[in-house]
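Examining the three-dimensional arrangement
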Amino acid sequence: MNSQPTVSQDNMNSTELSIESVKKELYKRNHPSVTPIDIEAHAETVYQILKLKKKHNVVMLGHNYMEPLVFGLSTKNEQGDSLALSMHAAKTDAPYILFNGVPFMAETAKILNPSKTVLAADKTAGCSLADNFGAEEVRKLKALYPGVPVMIYINSYADAKAESDICCTSANAAHIAREMPGDEILFVPDIFFAENLEEELRGTKTVFFPGKGNREKGAVCEVHEKFLLSDLLAIRGSFDIPKGHPTRVLYAHWECRPEVLQEADFYGSTSQIGQDIAKRVEEDRLERAFVASECELTSNLGQEFPTVQFSTACSVRCSHMAKVTLDKVLNVLQALDKGDDLSPHEVTLMPEVIERARTPIERMLELSA
Ligand code: 13P
Ligand code: SF4
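Residues numbered from 1 in each chain as written. Chains lettered and ligands numbered in written order. Predicted model: local features only at pLDDT ≥ 70, side-chain atom pairs only at ≥ 80, totals over all residues. Heavy atoms only, no water.

**Comments concerning the side chain of Lys 205**
Its place among the elements puts Lys 205 in the loop between α11 (191-200) and β8 (206-208). One polar contact links the side chain of Lys 205 to the main-chain carbonyl oxygen of Ala 177, over a distance of 3.2 Å. In terms of polar contacts, Lys 205 uses its side chain to reach the backbone carbonyl oxygen of Met 180, at 2.7 Å. Non-local contacts of Lys 205, meaning those with residues more than four positions away in its chain, are made with Ala 177, Arg 178, Met 180, Pro 181, Gly 182, Asp 183 and Glu 184. (Helix = DSSP H or I, 4+ residues; strand = E, 2+ residues; numbered from the N terminus. Polar contact = N/O pair within 3.5 Å; in protein donor to acceptor, adjacent residues only side chain to side chain. Contact = heavy atoms within 4.5 Å.)

Below is the structure:
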């Protein structure tokens with residue numbers, strides 16, 4: 001997301017900081033879901049965080065699903081989808097990376113920067129995909145399809161990645177699958193994603209996945225599975241977004257059910273959805289949109305594209321992403337500032353796991369460059 005410059009965001013990270021300048025900036029952003037009450041209540045915390053971020057030269061990566069005040073702590077370059085954040089993590093020189101997202105994302109940053117300190121605001125935040133499919137599950141499937149390249153979705157932990165040939169995100173899965181040798185691929189762990197990929201690659205590659213012709217258990221995203229085809233049809237009706245309309249668009253994330261993806265006017269990663277919106281706004285081709293994904297994505301898009309009328313589904317929040325709060329971010333930075341033990345916040349991995357998990361991630365980055 002953010003193909004348009006969010007000048008104000010970057011201003012707050014670069015200008016002379018004070019509580020007053022932070023407040024002024026937050027008011028200027030005019031975020032649709034951040035009220036003056038929120039600004040008055042949280043400006044002091046935002047100020048403290050930005051001060052410590054600067055003092056310790058911390059790179060603060062923020063996933064598109066962060067709540068607006070947390071998302072805005074990251075500069076434009078530090079924000080993005082899983083792919084953009086992995087790419088950023090691969091390039092940074094900063095000694096500390098604080099990852100505002102869920103731990104599998106922070107693990108990717110650690111794998112790409114083993115000598116750096118990678119911190120997470122809440123290490124207990126999970127993900128229904130990563131939590132329900134580990135290294136043992138990959139091994140079992142590999143044994144069923146010997147010789148078939150294993151492509152693992154980035155929403156997985158390092159030990160599962162270590163068993164795989166290549167990693168992918170929702171921004172590059174179809175491209176990576178096409179680039180892999182042979183005409184078969186084993187995709188894990190997301191079942192809906194695998195079905196969507198199968199459809200995308202129909203006639204070119206066979207996609208194997210958990211539960212398809214085997215008795216292995218896969219996983220789904222507990223957030224995106226909430227969207228049913230009937231919900232999308234109801235949204236089309238209630239918000240008047242007819243299919244194929246020139247200026248009203250229904251977007252869906254790759255993790256949605258296949259019938260939801262087929263109904264959508266556009267599907268992609270969180271950033272690809274933002275990029276399509278940016279392009280349409282530039283060409284004056286977007287008046288109204290609904291995004292079938294985590295609801296803070298829509299609220300952040302609402303700030304970036306104020307001319308677009310976004311319909312929202314605010315009950316669809318990822319409880320794991322929601323664990324990353326301003327207070328927890330500040331807590332990590334204060335521990336760093338005081339020289340306290342960082343282990344409650346630090347993401348660590350065994351060197352041999354880092355070594356093995358790095359290959360599928362680096363292969364993905366090479367193919368995505
Ligand atoms: P993106 O890679 O599109 O940011 O998605 C990550 C994710 O967890 C979606 O639920
Ligand atoms: Fe995992 Fe779904 Fe949350 Fe993304 S939205 S982190 S896939 S549970």
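After that view, the rundown keeps rolling.
**Re helix α17 (residues 351-368)**
If you check α17, its first and last C-alpha atoms are 25 Å apart, about what 18 residues at 1.5 Å a residue would give, namely 26 Å. Considered for burial, the residues of α17 that qualify are Ile 354, Ala 357, Arg 358, Pro 360, Ile 361, Met 364, Leu 365 and Ser 368. Check the buried side of α17 and you find it contacts α5 (82-91), α6 (103-112), α9 (158-161), β6 (166-168) and α10 (173-179). (Expected span 1.5 Å × (residues − 1). Buried < 20%, exposed > 50% of the residue type's maximum accessible area, 1.4 Å probe, protein only.)

**Quick word on the site of ligand 1**
Close to ligand 1 lie His 63, Tyr 65, Asp 81, Ser 82, Asn 155, Ser 170, His 224, His 253, Glu 255, Ser 269 and Thr 270. Within the side chain of His 253, one N or O atom sits 2.8 Å away from an oxygen atom of ligand 1. When grouped by side-chain class, the residues that make up the shell around ligand 1 number one nonpolar, eight polar and two charged. (Near = heavy atom within 4 Å. Nonpolar A, V, L, I, M, F, W, Y, C, P; charged D, E, K, R; others polar.)

**Regarding the nonpolar core**
With 125 residues, the main nonpolar core has Leu 73, Met 151, Phe 187, Val 329, Leu 333 and Met 364 as its most contacted residues. Residues in contact with Met 364, not counting those within four places in the same chain, are Leu 83, Ile 154, Ile 166, Cys 167, Cys 168, Thr 169, Asn 172 and Ile 176. (Core = buried A, V, L, I, M, F, W, Y, C linked by side-chain atoms within 4.5 Å.)

**Observations regarding the site of ligand 2**
Near ligand 2 the following residues occur: Tyr 65, Cys 127, Ser 128, Leu 129, Asn 155, Cys 221, Val 223, Glu 255, Cys 318, His 320 and Met 321. Residues belonging to the shell around ligand 2 are distributed by class as follows: seven nonpolar, three polar and one charged.

**Points about the side chain of His 56**
Positionally, His 56 belongs in the loop between α3 (36-55) and β1 (58-63). A polar contact of 2.7 Å, which involves the side chain of His 56, links it to the side chain of Asp 337. With near-sequence residues (within four places) excluded, His 56 lies in contact with Pro 95, Tyr 96, Leu 336 and Asp 337.

**Here we look at unusual backbone geometry**
In this model, Val 188 is joined to Pro 189 through a cis peptide bond whose omega is -10 degrees. Its location among the elements puts Pro 189 in the loop between β7 (184-188) and α11. The backbone of Asn 57 shows a phi angle near 50 degrees, a positive value even though the residue is not glycine. Structurally, Asn 57 can be placed in the loop between α3 and β1. When its relative accessible area of 47% is taken as the criterion, Asn 57 is described as partly exposed.

**A look at the sheet that holds strand β12 (residues 309-311)**
Strand order across the open sheet formed by four strands is β10-β9-β11-β12, with parallel pairing between neighbours. If you trace the sheet from one side to the other, it starts and ends with β10 (266-268) and β12, each paired once. If you compare each strand with its neighbour and ignore which way they point, the axes differ by 25 degrees on average. When strand β9 (residues 248-253) meets β10, the two strands line up parallel, connected through three bridges. Bridging across to β10, Tyr 251 finds its partner in Phe 266. (Pairing = 2+ DSSP bridges. Axes fitted to C-alpha atoms, helices over the stretch in contact; angles between N-to-C directions.)

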